[in-house]
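Understanding the architecture of this molecule
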Amino acid sequence: MIVLDKKNKVFTLHTQNTTYQMKADQYNVLIHTYYGPRISGGDLSYLVRYADRACAPNPVEAGPDRTYSLNTIPQEYSTCGVGDFRLPSIELELPCGSCSADLRYTGFELRQGKYALEGLPAFRGTDKDAETLVLLLEDTAAQVKVELYYGVFEEYDLITRAVRVVNQGGQTVRLRQCTSLCLDLLRTDLDLITFNGCHLMERSPDRAPLRSGVQGVGSVRGTSSHQHNPFVILCDHNADEDHGFCCGAMLLYSGNFQAQVESSQYSNARLVMGINPHQFCWTLEPGESFTAPEGALVCSPSGFGQMSRQFHRSIREHLIQDPFQGKRRPVLINNWEATYFNFDADKLVNFAKTAAPLGIELLVMDDGWFGKRDDDNSGLGDWTVNQKKLPGGLEALVPRIRELGMSFGIWIEPEMVNEDSQFYREHPDWAFRIPNRTPARGRNQLVLDFSRSDVRAHVYRQIKAVLSSADITYVKWDMNRSLSDVWSAALPARRQGEVFHRYILGVYEMLDQLRRDFPYILIEGCAGGGGRFDAGMLCYTPQIWCSDNTDAIDRLRIQYGTSFGYPISAMGAHVSAVPNEANGRVTPIGTRGVAAMAGTFGYEMDPNKTSPEEKEAIKEQVAFFKEHYDLIQRGDYYRLTDPFQNGPYTAWEHVSPDRREALVSLVSGTIHAAAPFYTLQLKGLDPQLTYQVNGEGIWPGDVLMNAGYPLPVFWNDYQSMQLLLSAI
Ligand code: GLA
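Let me begin by describing the structure that accompanies this report. (Residues numbered from 1 in each chain as written. Predicted model: local features only at pLDDT ≥ 70, side-chain atom pairs only at ≥ 80, totals over all residues. Heavy atoms only, no water.)

**Focus: the overall build of the protein**
The test is simple: Comment: elements are numbered from the N terminus, with helices defined as DSSP H or I runs of at least four residues and strands as E runs of at least two. As defined in this context, the radius of gyration uses C-alpha atoms, and a globule is described by 2.2 Å times the residue total to the power 0.38. Partly exposed residues are those whose accessible area sits between 20% and 50% of the maximum for their type, while under 20% is buried and over 50% is exposed, using a 1.4 Å probe and protein chains only. All accessibility values rest on the Shrake-Rupley procedure with a 1.4 Å probe; residue burial counts only the protein chains present in the view. Note that His is not counted, nor are the chain ends; the positive residues are Lys and Arg, and the negative ones are Asp and Glu. Taken as the charge centre is NZ of Lys, CZ of Arg, CG of Asp or CD of Glu, depending on the residue.
Along the backbone of the protein there are 13 helices and 39 strands. In summary, the protein has a C-alpha radius of gyration of 27 Å against a globular reference of 27 Å for 728 residues, a match within 12%. Referenced to the eigenvectors of the C-alpha coordinate spread, the extents of the protein come out at roughly 85 × 70 × 45 Å. Out of the 728 residues in the protein, the part that is buried amounts to 62%. About 26100 Å² of surface is accessible on the protein, with carbon and sulfur atoms providing 50% of the total. Charged side chains of the protein number 69 positive and 87 negative; the gap between the two group centres comes to 3 Å.

So, in structure tokens, the structure goes:
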């Protein structure tokens, strides 16, 4: 609910559990007054206090009042060069060469429903579930208008943000920075949590108290990256899963980003998040505008669990696009780890022959089906079927798979090219390269200039022909290197600072085109595993391959970290063969199944190399997953333990929205003799209800949540168990 106090220019955004407030003050500076647990409202600007602080410039409007300074008040969208020395949200390079911005409130617009962003991913909402507030700011000297967009999803505690900058003057203005969100909190006694890692070990939480100065994460790789995720949390020092203030900030963007927090002198923490200003500069000719990607905030007064569940619901119900929003996704088998490039049509058909009777529904043919592609040194760019491996093409192969009762999916990597390819020989100038430099290779491939529509159109034509040639219902869109040598032959020198952003806009455009031309195709995002796992991609790809590390035990950590911002239904997770190819670990098939079920669930192994016992286990897992699909994929998710603590076990829980059903999953760690007895306290149950556990014992909800469930003593490392609870 958006509450306006027009007279005092106070704007209050209420969600079910939170309140967010801004006010245009006596000089029409838009100040931020409050973000936290829901309160009745009123004018909270009394929280902002003024003192004559040395070295703090005073704007001319304040006259002799030396207590008023942009450098000490909490700003809703921070400026630069005119008296606020903290992190800027916007930096304008003006025709005179100065870099500055000075914004004043000029008006507002209120709309039912949720604003949309042309060409950019965004949460969607109807008149029933969302409202939009637009606050209009102006820099009169620069003749630049800034529109701040707020989407309020009350039931989800979700506040989305976006920014549009318009050059209203007659001269060229250059945007050197334009962040998506700025959040000035009137306190610094907070922790910052970021999600970091590397290829094979993505999104490990890193938590530290704010210290003076600037701290943050970002990416300059052209992707959101394995290394840092565009999702951060600010929270109370003692916040945990169930207690304390926490605020999650997410960027719906898959390119270079930056999230920074400045803890400044007078107890103010400023978070700014948006496109990374490094190598960014956007030229705005008279009349032109620029829209920054969407940011999203969820604040929880009661710990991380609640915050995550609100993000999960928001993503599932307002970001994932139809028809996949509510649609069941298939249990798949992917041939990558089983065959790498070494497969042919008969091998794939033999996979399907064994997999189909186990209940697996989709066969995904991974890298290696096209061009001259027998290893990762050649072929990228030639999206035509390799007739040696697949004689007769997909027209011949896919019906054979369909006859066995399975659907068919395919891997592509449209953004890349190998120099050893027909494509590159014909269009060497379509890959990024800086004049007079030889571009660096990554996985022996170059990056195509996706900022160019002619390049995209050429690639898309090939991909469209492939997808139209057979009954294909799934695409894995991969992207296997970071961007270097970024320079576009299609743009003049002064516009080269636009290329990284135009590249990702190009990716979004092609993904959107793919979605529109083939609405029934499920697209899974991927970037060398989880290198582009972000909410921007989720708008086009309902699921994303979480990591190339498929070891069940490492996956507990990767999926745990990922779950802070993103739902189970977004996390690509498969059971693979042992010893695991990433770390050599051997885990039981049951444990691998339990871990993969905390994601989209599928297999990544040769089904013909499994024993009869393993086949039986797979059949049971698939049947179990299908039976409890709604509970797992759409239920509320509770983290019961933190796998980074190296405790005796890792556990998590899915609870149905009506709290009548729950599934607890648990994987034990390394085992020790003379182990103590453990009791697991469940969460999210109805204390008034009584539950039957695994069709056997009867337990009251309040007992299970407080006294707990007695765990068995595990024999051997990495065992697993699941408890299915139904209210009686
Ligand atoms: C990336 C993906 C893998 C696989 C290979 C194929 O590494 O993450 O799952 O598709 O590419 O080359």
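**Looking at the sheet that holds strand β9 (residues 144–153)**
The condition that has to hold: For two strands to be treated as a pair, DSSP must find at least two bridges joining them. Angular values range over 0 to 180 degrees, each being the angle between N-to-C directions of two axes fitted as lines to C-alpha atoms, with helices fitted over their stretch in contact.
Spatial ordering of the open sheet is given by β7-β8-β9-β10-β20-β16-β15-β12-β13, a layout of nine strands whose pairing is antiparallel. Of all the strands in the sheet, the pair left with one neighbour each is β7 (104–112) and β13 (201–209). Across the sheet, the axes of successive neighbouring strands diverge by a mean angle of 20°, strand direction being ignored. Across five bridges, strand β15 (residues 231–236) lies against strand β16 (residues 246–251) in antiparallel orientation.

**Things to note about the site of the ligand**
Our working definition: The nearness test applies per residue and asks whether one of its heavy atoms lies within 4 Å of the molecule or strand. Pairing of N or O atoms within 3.5 Å defines a polar contact, subject to two protein rules: one partner must be a possible hydrogen donor and the other a possible acceptor, and residues neighboring in sequence count only if both atoms are side-chain atoms. Polar here means any residue other than Ala, Val, Leu, Ile, Met, Phe, Trp, Tyr, Cys and Pro, which are nonpolar, and Asp, Glu, Lys and Arg, which are charged; Gly is therefore polar.
In the region of the ligand, 13 residues are neighbours, and D366, D367, K476, G529 and D548 sit closest. Interatomic distance of 2.6 Å between a side-chain N/O atom of D366 and an oxygen atom of the ligand. When the free accessible area of the ligand is taken as 310 Å², the share hidden by the protein chains comes to 96%. Residues belonging to the shell around the ligand are distributed by class as follows: four nonpolar, three polar and six charged.

**Description of the nonpolar core**
Our working rule: Nonpolar core, defined: a set of buried Ala, Val, Leu, Ile, Met, Phe, Trp, Tyr and Cys residues in which side-chain atoms within 4.5 Å join the residues together. Only heavy atoms enter the contact rule, under which two residues are in contact if any of them lie within 4.5 Å.
If you look at the biggest cluster of nonpolar residues, it comprises 205 residues, and the most contacted ones within it are W369 and L394. Tallying contributions element by element places helix α7 (residues 499–517) first for this core, with nine residues. Discounting residues that sit within four places of it in the chain, W369 has contacts with F343, W383, T384, V385, N386, L390, I410, W411, I412 and V466. One finds Y649, A651, Y691 and V693 within the second-largest nonpolar core, a separate group that totals 23 residues.

**So, the pairing of strand β11 (residues 173–185)**
By the criterion of burial, β11 is predominantly enclosed, with 11 of the 13 residues buried. Bridge count for β11 against strand β19 (residues 282–284) is three bridges, and the pairing is antiparallel. Within the sheet, the bridge partner assigned to L175 lies in β19 and is W282. Note: β11 against strand β18 (residues 268–275), six bridges, orientation antiparallel.

**What to know about the layout of surface pockets**
Empty space among the atoms becomes apparent when a probe as large as a water molecule is rolled across them. Filter applied, for reference: Using a grid of 1 Å spacing that covers the protein atoms alone, one calls a set of points a cavity when a 1.4 Å probe fits there but cannot get out, and a pocket when the set is open and has protein on both sides within 12 Å along at least five of seven lines; lining residues are those with an atom within 4 Å of a point. Grid points are joined across faces, edges and corners, and a volume is the space filled by probe spheres set on the points.
Computed from the structure, the largest pocket encloses a volume of approximately 790 Å³. In terms of lining, the largest pocket is formed by 33 residues, of which the most central are L117, E118, G119, L120 and L505. Looking at the lining of the largest pocket, the elements that each hand over two or more residues are β10 (158–167), β20 (289–300) and α7. With nine residues, α7 is the single largest residue contributor to the lining of the largest pocket. For the lining of the largest pocket, the per-class residue count stands at 16 nonpolar, seven polar and 10 charged.

**Here's the deal with helix α3 (residues 345–355)**
One full turn of an α-helix is made of 3.6 residues, so residues set three or four places apart face in the same direction. Those residues of α3 lying buried are A345, L348, V349, F351, A352, T354 and A355. The inward-facing, buried residues of α3 contact β21 (332–334), α2 (336–339), β22 (362–365), α4 (393–403) and α11 (612–627). Its side-chain oxygen at 3.3 Å from the backbone nitrogen of D346, D344 defines the N-terminal cap of α3.

**Points about the pairing of strand β17 (residues 257–264)**
Burial analysis of β17 places eight of its eight residues in the buried class, the great majority of the element. Along β17, one buried face is formed by F257, A259, V261 and S263 and the opposite face, lined by Q258, Q260, E262 and S264, is buried too. One ladder, built from six bridges, connects strand β14 (residues 213–218) with β17; its direction is antiparallel. Bridged to Q215 within β17 is V261. Bridging between β17 and β18 involves eight bridges; their strand directions are antiparallel. Looking at the pairing, Q260 lines up with V272 of β18. Remark: three residues form the turn of the hairpin made by β17 and β18, two consecutive strands paired antiparallel; S267 in that turn has positive phi of roughly 55°.

**Focus on the environment of I90**
Note that I90 resides in strand β5 (residues 90–93). Separated by 10 residues in the primary sequence, I90 and C80 place their C-alpha atoms 7.1 Å from one another. Once you skip the residues sitting within four places of it in the chain, I90 turns out to touch Y77, S78, T79, C80, A101, L103, V146, V165, L175 and Q177.

**A word on the packing of aromatic side chains**
To describe a pair of aromatic rings, one takes the distance between the centres and the angle between the planes. Quick reminder of the rule: In this scheme Phe, Tyr and Trp rings, the latter by its six-membered ring, pair at centre separations within 6.5 Å, and the angle between planes marks the pair as stacked below 30 degrees, edge-to-face above 60, and tilted otherwise.
All chains considered together, the criterion is met by 37 aromatic pairs. Look at Y27 and Y68: their rings are 4.6 Å apart centre to centre, the planes differ by 80°, and that puts the pair in the edge-to-face class. A residue pair is termed long-range when its members are at least 10 positions apart, and Y27 in the loop between β3 (18–24) and β4 (30–37) and Y68 in the loop between β4 and β5 qualify at 41 residues. Taking relative accessible area as the criterion, Y27 reaches 19% and is therefore assigned buried. In this structure Y68 comes out as buried when scored by relative accessible area, which is 1%. On the basis of an interplanar angle of 85° and a centroid distance of 5.4 Å, the ring pair of F231 and F311 is categorised as edge-to-face. One end of the pair, F231, is in strand β15; the other, F311, is in helix α1 (residues 303–318), with 80 residues separating them in the sequence. Accessibility classification places F231 together with F311 in one group, the buried group. Members of the aromatic cluster, connected to one another through ring pairs, are F195, F231, F304, F311, F533, Y560, F564, Y566 and F644.

Everything listed is a geometric property; what it means functionally is a separate question.
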